Amino acid sequence: MRSHETFRLLAFFGVTTLILLSGCRGDAPSKPGAEAVERLVDSLQAPVQRATGLGFKQRPRVALRTREQVRAYLIRKLDEQLPPAKLRGLETTYKLFGLLPDTLQLRSLLLDLYTEQVAGYYDPDSSALFAVGDADPSQLRLVLAHEMIHALQGQYIPLDSILYETSNNDRLTAAQAVLEGQATLASIEVLASGQDVTSNPEFWDLYRQQVRQQQSSMPVFAKAPLIVREALIFPYLAGAEFMQWWKTSPLKDTVPYGPRMPVSTEQILFPDRYLRDTPVHLSFTGPSDRIYEDVLGESEIRVLMAHLSGRSEVRAGTPTGWAGDRYRVLATPSGPALVWYLVWDDKRSAERFTWGYGGKLRQTSREGYRTLLESLELGGKPVMRYVLAPIQWEGWGDVPMVRIEKYDGKGGKDGKDGE
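Let us look at the structure shown here. (Residues numbered from 1 in each chain as written. Predicted model: local features only at pLDDT ≥ 70, side-chain atom pairs only at ≥ 80, totals over all residues. Heavy atoms only, no water.)

Let's talk about the overall build of the chain
Along the chain, the regular secondary structure elements total 14 helices and ten strands. Split into buried and exposed, the 419 residues of the chain put 57% on the buried side. For the chain, the accessible area works out to roughly 17,600 Å², and carbon and sulfur atoms hold 51% of it. (Helix = DSSP H or I, 4+ residues; strand = E, 2+ residues; numbered from the N terminus. Buried < 20%, exposed > 50% of the residue type's maximum accessible area, 1.4 Å probe, protein only. Areas by Shrake-Rupley, 256 points an atom, 1.4 Å probe, with all protein chains shown as cover.)

Examining the nonpolar core
Of all hydrophobic cores here, the largest spans 106 residues; its most connected members are W340, F353 and M384. Counting 17 residues, the second-largest nonpolar core is a separate cluster that includes L282, L330, V387 and A389. (Core = buried A, V, L, I, M, F, W, Y, C linked by side-chain atoms within 4.5 Å.)

Section: helix α9 (residues 201-216)
Over its 16 residues, α9 runs 23 Å from end to end, which matches the ideal 22 Å to within 8%, given 1.5 Å per residue. Those residues of α9 that fall on the buried side of the exposure criterion are F203, W204, Y207, Q210, V211, Q214 and Q215. Summarising the axial view, the buried residues of α9 lie within an arc of 130°, below the 170-degree limit, and thus occupy one face. Of the exposed residues in α9, the ones pointing more than 90 degrees away from its buried face are P201, E202 and Q213. At the N-terminal boundary of α9, the capping side chain belongs to N200, with an oxygen 2.9 Å from the backbone nitrogen of E202. (Expected span 1.5 Å × (residues − 1). Arc of directions from axis to C-beta. Polar contact = N/O pair within 3.5 Å; in protein donor to acceptor, adjacent residues only side chain to side chain.)

Focus: the sheet that holds strand β9 (residues 381-390)
Ordered by their spatial adjacency, five strands build an open sheet running β5-β6-β7-β9-β8, and the pairing between neighbours is antiparallel. Of all strands in the sheet, those with a lone pairing partner are β5 (290-294) and β8 (369-378), marking the two edges. Taken pair by pair, the neighbouring strands of this sheet meet at an average axis angle of 15°, ignoring direction. Here β5 runs beside strand β6 (residues 322-330); their pairing, made up of four bridges, is antiparallel. Residue pairing for β6: Y292 is matched across the bridge by V329. (Pairing = 2+ DSSP bridges. Axes fitted to C-alpha atoms, helices over the stretch in contact; angles between N-to-C directions.)

Some thoughts on the sheet that holds strand β1 (residues 61-65)
One open sheet holds the three strands; their spatial order is β1-β3-β2, and the pairing between them is mixed. Sheet topology places β1 and β2 (120-123) at the edges, where each strand pairs with a single neighbour. Across this sheet, the average inter-strand angle for adjacent strands is 25°, counted without regard to direction. Direction of pairing for β2 relative to strand β3 (residues 128-132): antiparallel, over a ladder of four bridges. When the sheet's bridge partners are listed, Y121 is paired in β3 with F130. Against the sheet, helix α2 (residues 34-52) contacts β1 and β3, and its axis sits at roughly 140° relative to β1. (Contact = heavy atoms within 4.5 Å.)

Examining the pattern of salt bridges
Applying the stated criterion across every chain yields a total of 23 salt bridges. The salt bridge partner of K77 is E80, with a shortest N-O separation of 3.4 Å. On the criterion of helical spacing, the pair formed by K77 and E80 is a turn pair, its members being three residues apart in helix α3 (residues 67-81). Ionic pairing is found between E293 and R328, a salt bridge with its closest N-O pair at 2.7 Å. Here R328 lies in strand β6 and E293 lies in strand β5, a separation of 35 residues in the sequence. For E293, a relative accessible area of 1% corresponds to the buried category. If you follow the salt bridges from partner to partner, you end up with R76, K77, E80 and D125 in one network. (Salt bridge = Lys/Arg side-chain N within 4 Å of Asp/Glu carboxyl O.)

Structural notes on the packing of helix α13 (residues 297-308) against helix α14 (residues 347-362)
Remark: α13 packs on α14, axes separated minimally by 10 Å, with the N-to-C direction vectors making an angle of 65°. Where α13 crosses over α14, the handedness of that crossing is left-handed. Facing I301, M305 and L308 of α13, the residues of α14 in contact are F353, Y357, K360 and L361. Across the contact of α13 with α14, the residue classes tally to six nonpolar, no polar and one charged. (Left-handed = near helix turned anticlockwise from the far one by under 90°. Nonpolar A, V, L, I, M, F, W, Y, C, P; charged D, E, K, R; others polar.)

Details of the environment of T198
Mapped onto the secondary structure, T198 falls in the loop between α8 (169-191) and α9. Setting aside residues no more than four positions away along its own chain, T198 makes contact with L185, I188, E189, F203, W204, Q244 and K247. In terms of polar contacts, T198 uses its side chain to reach the side chain of Q244, at 2.9 Å.

Section: the pairing of β8
In this structure, β8 lies alongside β9, joined through ten bridges in antiparallel fashion. What sits directly across from Y369, in β9, is P390. The antiparallel hairpin formed by β8 and β9 contains two residues in its connecting segment, where G379 sits at a positive phi of about 60°.

Shown next as C-alpha cells:
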C-alpha cells in the first residue's frame, strides 16, 4: 500500500475496481464453496493464458478465507512493509504537504479500506490465490480472473522484489501500474470472451466513469482524502491504458518486465515519454536528522496541484514538465521540516508551475511555520526549491542541497533512499 507505497498495497492485495458486471445484481446468490471456486479457477486458466500470452508453469493453489482471516493477513503485511517508523514518516510527509489532515490516523484508514474492498487476492509469499468466503459470487469470476493474472505474473517476474522496492516510490507506482494494468486489461478481455472492446476509445471513457462511481459508493473510500483515493485507483486506470498503448506500440510483441519496466508515473500517464524521457535522479548531500525521504513524481504532483486549487478530483491534461524531484522530512525541536526539490524539463514548465501554484505553496498556513519557494539551476536544468519548516529552525541559514546523479535504473546509487 504505494510514497504512497502504503496505498499501493491496496492494489497489490487485490482490491479490484473493475465493475463491468455491477448492473447484474438481482437476488443475493448463495456463497460459493471451495469446490466451486476450484472449478471456477480451472475454467479461467485457458482464457487468462490467451489474454496475457503467457502460460502457467503450474496451476496456482486456491483457498477460501473469512473476513477475519483476511484482515489478520492484511494487518501482518501492513506491519511488515510499513513498520511504525516508516508509517510515521509517510504520514508526516503528506500532512506537511497538506494532503492528509493532521488528525488522520493513516494505519486505521488503510485497514478500514482493505477490509471494505478486498474480495480476493494473490499472495506472492505463498504463491496462492485466496477468495473471501462471503464475497459476492457475481463478482468472484472477475476478481479471480484478475488475481490469476497476478499469479501468472509471479511465475515470470519477482513480484516480491517489486513490492519491496523502497528507494523511489514513483518508480514503484509505475511498476505497480504495469502489473495492475496488465491484470485489468487481460481480465476485461477474459470477461469479454476475447472481443476487442478495449480498442474503442469510448470504452475507456465509460470504464473510468464506472470505476470512480463504484469506488465512491463505498463509504470508507468516499470519505478518504484525495491522495488516498487517487493512489488506489491509479494503477488500475492509468496502468490499463498504458498496457493498451503497449499493445499498439513498436514493443507490442514483448512485455514491460525487467529492463523494459517503466521508471516513472510520467511514463505511465504519457506513454510517448516512455520511449524518450528518463527522469533525473536527485540525492541529498550532507548528514541530517532525516525522518523520511522520497519522490512525489508526476502522479502525486498532479494530486498536489488539485489540492492547491481546491479541486476534489485530479484533472487529465498535458504533462507538467516534470523531470525529477526529491523531498526530505527532517526532525527539528519545534516540529518536522519539509525540503522539496523539483526539477523541470525546461524554463517554460518551471514558470508555468511557479506562476500557477507557487503562490499557493508560499501561502501554506501552519502555525509556527514559514515557507520558502525559490528558483535555482542544477546541471543546466531549472529547479524549484520549496521549504516548509518551523520559524525557529536552525537550518534556515543552511538548507540541505541536492545533486543530480546518473540514473542507474534502480532509483539511484543510494539503495536506502526513502527508507
